[in-house]
Amino acid sequence: MTIFVCEDDLISVLKGAFYIHETGVAPDAVRIAQKDPQQGLFENIVDLRQISVNVYNVLKIIQKTFSPRQISRIQGAFLRGDRQVFAEIMQFVALGLKNPQALQNLTIDCVRIVRESADRVYGEVHRMKGFVRFARLADNRFYAAIKPVHNVLPLIKNHFVARFGETDWVIYDKGRGLGLFCTAGKAVLCQMAVSNDLFFDRNEAFYAGLWRTFFEKVAIKERENPRLQRQKVPLFYRDVMTEFM
Amino acid sequence: MKLEQKLKILTESAKYDVSCASSGSHRTRTKGGIGNAAPSGICHSWSSDGRCVSLLKILLSNKCIYNCEYCLNRSSNNIERATMTPEEIADLTINFYRRNYIEGLFLSSAVVRSPDYTMELIYRTLWLLRKEHMFSGYIHAKLIPGASDILIEKVTALADRVSSNIELPSSESLLRLAPDKSRSDVLYPIKYVQKLSEKLPVKCLKPNSMPNIRRRGISMSTQLIVGASPESDRDILRLSAYFYNKSLLKRVYYSAYVPVNHTSNLPAIQAPPLLREHRLYQADWLLRFYNFKLDEIIGDNASNLSIEFDPKTAWALRNLHLFPIDVNVADYEMLIRVPGIGIRSAQKIITARRFTKLDMNDLLKMRISLKRTKYFILLKGRYAGECPMREDILSHYLSAPREIIQQSLPFNEF
């Protein structure tokens, strides 16, 4: 059994792809160095941390070989954060380096899995563009807490920057302790912690109340369909959405 | 009256308008302003009836001078009335938008005083949003039948989509249930906006969009009530097909009639005809995206869609001589006509079969549902279904969930 040991970042995954491309050795599993303990005695370990690459060159080759759509698929699949998907991304990239045409072939497992994983992540990205709920703080900044399944912050950044312009805002991923800070139209992603005592603008409760009124009244009683509602807004997301709080 | 009370009344009054889309518009934020419009549309929530909440859907006023029998806001109804000012609506929209509650505004109104007066209030609201608040989010505005051309033109220039609800599919029903409106009045705004649209240059949906998704001019929609009048599905779809063929409308919405009033001219129904509404939407999709003709969707002698089967399956069962088709050679046009294969599945099949001859396992891996598809396709020269291709047998297999019966082993044959 071949195990690739790498760091938890996209460059390490791309390193693995180049290793496969050059040696033809593919991993059965991927292990993240800091997080996963060694499990078996008879494993063929390939420690990608020992291999040094020129990051600039790697990215240049990727940009040259893959279409923008395929690059966003690689990025999306990576943000799924699943070790098994990391192995598939490595094979996908290695396949693309060898034969770019083959990346259209959905009957190849790595092509299909990378595409499906990316679709899942981008599906949640689309959902989060709607589900983020801001509240105005006393200092005029808008603050939203989210609880996504995947790490979507890097992928929703541009959407909110383009939309809210000069407004200052923060989106905080509660599960990962990550935050997107936007000040004067420039957003940065960083680790953050939020205190429980936030000071909200004095009109905040008024507008949140109006939204809840609207949300309740817009439904047609004769068409009640809570099952469909649950399918569209899973309970998982609701505790940070104003209309369900 | 307090703002919250007004919001309550005017949301209640607007909720029967089913239009909810915020898609199809590509508007970028103006410098110093707020908002943009995403071409794909974004749903911000789903209400307890399972409908998408994307826009602040509200009436400007529910004080109507008309007395349409199907309408909650008819002048003779004894309900609470309210009117919001354009400033109140603009402020509410901006504050909801800033909190990412909504994608934009859907503004309709009962006819207050006169069509022109109402249209002016709508225009004033849009003007405040676009010019004073520099709002570039999505706006859908209702065109009031009977309003003057200049007001229609001004509202259209500020909105992403405009609509005029036809509500009833025939002139006779309109005369009976909405005597204050005439068919020509209702259709006039749509036809007038199309004329305006034709004068505009062809524009792209996205800056680098392919020519086939370029579109011309102004996006328009309408709504038809299903079940309040005796028109058949064929009558309703004929009207929709007319609008689509003439490029008058981008979309027709169907709204299952909810009995909000009880008069002798309205049918006494227990529950809204939701399944009929669903079938009409499926048929509408076939008209718009699957290149079906109206006569193909509804059988020769039928006037209504099948309730038991979706329109594509019903068509396939009537045309079994065209099936089974070989998934590995059939063209795209035919693939999308197979029940269970949609646009995305057909595209996946066409891409994948360039590399290999597809079998059942490949289709399953690509997550193409075989539940209905297998009865209409050949894979590597073999029929994928497990029963003879006869209309009665397939109908049985495709309708109710089947009991799985363990077939007896053929001992007797030995």
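Source: prediction; values computed, not measured. Going along each chain's sequence as written, the residues are numbered from 1 onward. Key to labels: chains lettered from A, ligands numbered from 1, both in the order written. Only residues with pLDDT of at least 70 are given local features in this predicted model, and only at 80 or more are side-chain atom pairs given and counted; all residues enter the totals for whole chains, interfaces and linings.

Going along the chain from the N terminus, every DSSP run of H or I of four or more residues is numbered as a helix, and every run of E of two or more is numbered as a strand. Looking only at helices and strands, one finds 14 helices and 13 strands in chain B. Taking the principal axes of its C-alpha atoms as reference, chain B extends roughly 90 × 55 × 40 Å. Sequence-distant contacts in chain B: of pairs separated by 6 or more residues, those separated by 24 or more amount to 69%. Note that contacts rest on C-beta atoms placed from the backbone: two residues are in contact if these are within 7 Å.

Here the focus is the overall build of chain A. Helix and strand counts for chain A stand at nine helices and eight strands. Projected onto its principal axes, the C-alpha coordinates of chain A cover approximately 65 × 45 × 40 Å. Nonlocal contacts in chain A, meaning residues at least 24 apart in sequence, comprise 69% of its contacts between residues at least 6 apart.

So, on to the interface of chain B and chain A. Every contact between the two is made by 42 residues of chain B and, on the other side, 39 residues of chain A. When contributions to the side of chain B that touches chain A are tallied by element, the ones reaching two or more residues are α1 (3-14), β1 (45-46), β3 (55-59), α2 (86-98), α12 (343-352) and α13 (360-365) of chain B. The greatest single-element share of the side of chain B that touches chain A, amounting to five residues, is contributed by α1 of chain B.

Moving on, we get to unusual backbone geometry. Residues and elements named next belong to chain B. Here the amide bond leading from Phe-323 into Pro-324 is cis, since omega sits at -5°, within 30 degrees of zero. Residue position: Pro-324 is located in the loop between α10 (311-318) and β11 (325-326). Its identity is not glycine, yet Met-134 carries a phi of approximately 50°, on the positive side. Considering the arrangement of structural elements, one finds Met-134 in the loop between α3 (115-132) and β5 (138-142). Not every positive phi belongs to a glycine, and Ser-247 is a case in point at roughly 55°. Three exposure classes are used, based on other C-beta atoms lying within 10 Å of a residue's own C-beta, which is placed from the backbone: buried for 20 or more, exposed for 12 or fewer, and partly exposed in between. Taking the number of C-beta atoms within 10 Å as the measure of exposure, Ser-247 has 14 and is therefore partly exposed.

Bringing the packing of helix α1 (residues 10-23) of chain A against helix α2 (residues 55-65) of chain A into the picture now. All names here are of chain A. Their axes nearest at 11 Å, the elements α1 and α2 cross at an angle of 70°. With respect to α2, the axis of α1 lies roughly perpendicular. Within the contact between the two elements, α1 uses Ile-11, Leu-14 and Phe-18 and α2 uses Val-55, Val-58 and Ile-62. Tallied by class, residues from the contact of α1 with α2 come to six nonpolar, no polar and no charged. Only the stretch in contact is used when a helix axis is fitted, and all axes are lines through C-alpha atoms; the angle between N-to-C directions ranges over 0 to 180 degrees. Small angles under 35 degrees read as roughly parallel and large ones over 145 as roughly antiparallel, with 65 to 115 read as roughly perpendicular and the rest as oblique. For this classification, the nonpolar set comprises Ala, Val, Leu, Ile, Met, Phe, Trp, Tyr, Cys and Pro, the charged set comprises Asp, Glu, Lys and Arg, and every other residue, Gly included, is treated as polar.

A few words now on the pairing of strand β2 (residues 29-32) of chain A. All names here are of chain A. Only strands that DSSP links by at least two bridges are regarded as paired with each other. Sheet topology places strand β1 (residues 2-6) next to β2; four bridges connect them, and they run parallel. Among the inter-strand pairings, Val-5 is bridged to a residue of β2, identified as Arg-31. Between the parallel elements β1 and β2, the chain passes through α1 in a crossover that is right-handed. When the strands point away from the viewer and the path from the first strand over the helix to the second turns clockwise, the crossover is right-handed.

We now examine helix α4 (residues 149-158) of chain B. All names here are of chain B. By the burial criterion, the buried members of α4 are Leu-151, Ile-152, Val-155 and Thr-156. Down the axis of α4, the buried side of the element spans an arc of 130°, and every buried residue falls inside it. Across from the buried face of α4, at angles greater than 90 degrees, the exposed residues are Asp-149 and Ile-150. Check the buried side of α4 and you find it contacts α3, β5, β6 (161-163) and α6 (183-199). Read the arc as the range of directions from the helix axis to the C-beta atoms.

Turning our attention to the nonpolar core. Connectivity within a nonpolar core runs through C-beta atoms within 7 Å, and the core itself is a set of buried Ala, Val, Leu, Ile, Met, Phe, Trp, Tyr and Cys residues. Grouped together as the largest cluster of nonpolar side chains are 164 residues, with contacts concentrated most on Ile-89, Met-90, Val-114 and Ile-171 of chain A together with Leu-56, Ile-122 and Val-155 of chain B. Each residue touching Met-90 of chain A, except ones within four places of it in the same chain, is listed here: Val-13, Gly-16, Ala-17, Ile-20 and Pro-27 of chain A.

Attention now goes to α10 of chain B. For α10 of chain B, the buried fraction is high: seven of the eight residues fall into the buried class. Taken together, the buried residues of α10 of chain B touch α8 (274-289), α9 (294-297) and α14 (391-398) of chain B.

Either a parallel or an antiparallel arrangement is found when strands of a sheet pair, and the pairing is made through backbone hydrogen bonds. Residue and element names in this part refer to chain B. The six strands lie next to each other as β3-β4-β5-β6-β9-β10, forming an open sheet whose pairing is parallel. Since the sheet does not close on itself, it has two edges, and those belong to β3 and β10 (251-256), each with one partner. Taking the axes of each pair of neighbouring strands and ignoring which way they run, one obtains an average angle of 20° across the sheet. Relative to the sheet, α2 contacts β3 and β4 (104-108), its axis offset from that of β3 by approximately 160°. Across the sheet, α3 lies against β4 and β5, angled at about 170° from β5, the strand it touches most.

To continue, consider the pairing of β1 of chain A. In the sheet, β1 of chain A pairs with strand β3 (residues 44-47) of chain A via four bridges, with the strands oriented parallel. If you follow Ile-3 of chain A over to β3 of chain A, its bridge partner there is Ile-45 of chain A.

Bringing the sheet that holds strand β4 (residues 135-136) of chain A into the picture now. All names here are of chain A. Strand order across the open sheet formed by five strands is β4-β5-β6-β7-β8, with mixed pairing between neighbours. Edge positions in the open sheet fall to β4 and β8 (186-191), since each of these has one partner strand only. The pairing of β4 with strand β5 (residues 142-146) spans two bridges and is classified as antiparallel. Residue pairing across strands places Arg-136 opposite Phe-142, the latter belonging to β5.

This part takes up the confidence of the model for chain B. Residues and elements named next belong to chain B. In this model, chain B carries a mean pLDDT of 88, and residues with pLDDT of at least 70 account for 92%. Averaged pLDDT values for the elements of chain B fall to 50 in strand β8 (residues 215-216) and rise to 97 in α2. Every residue is assigned a pLDDT by the predictor, reflecting its confidence on a scale from 0 to 100. Contacts for the low-pLDDT stretch residues 204-215, under 50 throughout, to residues beyond four places or in other chains number eleven contacts. Quick note on the complex model: pTM equals 0.89, ipTM equals 0.91.

All names here are of chain B. Along the polypeptide, Gln-223 turns up in strand β9 (residues 219-226). Using a count of 19 C-beta atoms within 10 Å as the deciding quantity, one classes Gln-223 as partly exposed. Along the backbone, Gln-223 and Leu-168 are 55 residues apart, and their C-alpha atoms lie at a distance of 8.6 Å.

Take the environment of Arg-372 of chain B next. Residue and element names in this part refer to chain B. Inspection of the secondary structure puts Arg-372 in the loop between α13 and β12 (377-379). Exposure remark for Arg-372: the 20 C-beta atoms within 10 Å place this residue in the buried category. Each C-alpha atom of the pair Arg-372 and Pro-339 lies 6.0 Å from the other, and the pair is 33 residues apart in sequence. Among all residues touching Arg-372, those that are not within four sequence positions of it are Thr-313, Pro-339, Gly-340 and Leu-398.

Residues and elements named next belong to chain A. Here Thr-65 lies in helix α2. Once the C-alpha coordinates of Thr-65 and Ser-117 are considered, the two residues, 52 residues apart in sequence, prove to be 21 Å apart. When neighbours within four sequence positions are excluded, Thr-65 is seen to be in contact with Gly-96, Leu-97 and Pro-100.

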